[in-house]
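So the chains spell out like this:
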Amino acid sequence: MNTETKASALRAARWISTLLLTAAANLGNASELVTPVTLVVDQSLPAAQAQQQILAARRYDTFWNTGDEAMARAALAADFRDNTLPPGRAQGVEGPLKASRAFRAAVPDLRCEVLQMIVAGDRVTAALRFTGHFTGTLGEHQGQGQAIDFIAMDIYRIADGRIAEDWHLEDNLAFMRQAGLVGL
């Protein structure tokens, strides 16, 4: 790696670090927020915009990690739209709140790790990993402590510092197999 490339990489790392620290300071007690393992930020974005987008995404991902509905309400726009809405789920902020409650009834120790977060334009993409144990109930099925470990991808469109839209895809088949709800 040449000197110019090293210098550019160092500037990028400092820029991202500054973004995270500023976003954390803006939240107050940001130690409660999940931190992505890998963060990639388009450096052509204005720093304030990138900070808002990272903060909104971290709040929403923290909601999935903890079940703290205040985090979801702080992250989602009042007119939030889920573009991959499953049948029977309400559109708007109440949809994810209800989904989280139902999933946590099945997997009370649910955790969500942000493996990678990519910020570009008005979008944030998050690669997520969900883990826990199926000890609760899902519909009429009682868990027996089965380990749960599956991935999901989210694309958030951020407007005015909040998630206006979401596109979500998760590996439901892996979850259903691990929970013993479908055959291998």
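Residues numbered from 1 in each chain as written. Predicted model: local features only at pLDDT ≥ 70, side-chain atom pairs only at ≥ 80, totals over all residues. Heavy atoms only, no water.

- Labelled according to an unreviewed UniProt entry, the protein appears under the name Ester cyclase, originating from Pseudomonas carassii.

## What to know about the pairing of strand E3 (residues 111–120)
Inference 1: Judged from the 4 bridges that link them, strand E1 (residues 38–41) and E3 form a sheet pairing that is parallel. In the strand pairing of E3, Thr-38 is matched with Gln-116.
Inference 2: Sheet topology note: the E3/strand E4 (residues 123–134) ladder contains 9 bridges and is antiparallel. Bridge assignment links Ile-118 to a residue of E4, and that residue is Thr-125.
Inference 3: Hairpin connection from E3 to E4: 2 residues lie between these consecutive antiparallel strands, with Gly-121 at a positive phi of about 60 degrees. (Pairing = 2+ DSSP bridges. Helix = DSSP H or I, 4+ residues; strand = E, 2+ residues; numbered from the N terminus.)

## Notes on the sheet that holds E3
Inference 1: Strand order across the open sheet formed by 6 strands is E1-E3-E4-E7-E8-E2, with mixed pairing between neighbours. The two strands at the open ends of the sheet, each matched to only one other strand, are E1 and strand E2 (76–82). Between one strand axis and the next, the sheet turns by 25 degrees as a mean value, whatever way the strands run.
Inference 2: The pairing of E2 with strand E8 (residues 162–170) spans 3 bridges and is parallel. Paired with Asp-82 across the bridge in E8 is Asp-166. (Axes fitted to C-alpha atoms, helices over the stretch in contact; angles between N-to-C directions.)

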